[in-house]
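Below are the chains, spelled out letter by letter.
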Amino acid sequence: MPFFASEKLPKMQLFPGALSGIVAGENLLLSFLEMEEGSEVPAHSHPHEQAGILLSGKMRFRIGSEECLMEAGDAFIVPPDVVHSGNVVEGPARVLDIFAPPREDYIDRYNKYTSTSVQTLWE
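Residues numbered from 1 in each chain as written. Predicted model: local features only at pLDDT ≥ 70, side-chain atom pairs only at ≥ 80, totals over all residues. Heavy atoms only, no water.

Asks: So, the nonpolar core: which residues are in play, and what are the values?
Replies: Core analysis: the largest hydrophobic core is formed by 26 residues, its most contacted members being Met-35, Met-59 and Tyr-106. Elements with a contribution of two residues or more to this core: β1 (12-15), β2 (18-24), β3 (29-35), β5 (49-63), β7 (75-78), β8 (84-100) and α1 (104-114). A per-element tally of this core places β8 first, with five residues. Excluding its chain neighbours within four sequence positions, the residues that come into contact with Met-35 are Phe-15, Gly-17, Ala-18, Val-41, Met-59, Val-88, Pro-92 and Ala-93. (Core = buried A, V, L, I, M, F, W, Y, C linked by side-chain atoms within 4.5 Å. Buried < 20%, exposed > 50% of the residue type's maximum accessible area, 1.4 Å probe, protein only. Helix = DSSP H or I, 4+ residues; strand = E, 2+ residues; numbered from the N terminus. Contact = heavy atoms within 4.5 Å.)

The structure is reproduced here in structure tokens:
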């Protein structure tokens, strides 16, 4: 299916105050991230290249040793294995994150999240 309504995607919690709906292709992954004011992206790194755009809100974002107060419309690129972090200073914030290659950890968590419901039978 080539078309998606981002607001209708099931959302999983990535960390407190941050929900994400994802769409994955063969070579990239889109994460539609919604974050509450005051929520934080803890310092981390991963082997994936990451690009993104802040769609709404304001975030203080750090990539390596550089820091920026981002506003709606601002974009960023995080090279593979570079430590980055952020916090929402005015929210809610909406971010479109793009990962290449796709993050298998997100896909695995999302598949488990979306396949679990009140009808799920547990052994």
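Here the narrative resumes, following the displayed structure.
Asks: Outline the pattern of salt bridges, listing residues and values.
Replies: If you walk through the whole model with that rule in mind, you get five salt bridges. Note that Lys-58 and Glu-71 form a salt bridge whose closest N and O atoms lie 3.7 Å from each other. One end of the pair, Lys-58, is in strand β5; the other, Glu-71, is in strand β6 (residues 66-71), and 13 residues separate them in sequence. Given the relative accessible area of 39%, Glu-71 is considered partly exposed. Between Glu-67 and Arg-62 there is a salt bridge, and its shortest N-O distance comes to 3.1 Å. When its relative accessible area of 43% is taken as the criterion, Glu-67 is described as partly exposed. Here Arg-62 falls in the partly exposed class, since its relative accessible area comes to 33%. Within this structure, Arg-60, Arg-62 and Glu-67 form a network of salt bridges that share partners. (Salt bridge = Lys/Arg side-chain N within 4 Å of Asp/Glu carboxyl O.)

Asks: Describe in detail the packing of aromatic side chains, supporting the description with residues and values.
Replies: For any pair of aromatic rings, geometry is given as the distance between the ring centres together with the angle between the planes. Scanning the model with the defined rule gives two aromatic pairs in all. Between Phe-61 and Phe-76, the ring centres sit 4.6 Å apart and the planes meet at 40°, which makes this aromatic pair tilted. Here Phe-61, found in strand β5, pairs with Phe-76, found in strand β7; they are 15 residues apart in sequence, far enough to count as distant. Residue Phe-61 is classed as buried on the basis of its relative accessible area of 7%. The buried category is assigned to Phe-76, whose relative accessible area is 10%. Seen in terms of ring centroids, Phe-99 and Tyr-106 are 5.5 Å apart; in terms of plane orientation they differ by 70°. Their pairing is edge-to-face. Here Arg-103 stacks its cationic end above the ring of Phe-99, 5.3 Å away from the centre of that ring. (Phe/Tyr/Trp six-rings, centres within 6.5 Å; stacked < 30°, edge-to-face > 60°. Lys NZ or Arg CZ within 6 Å of the ring centre and 35° of its normal.)

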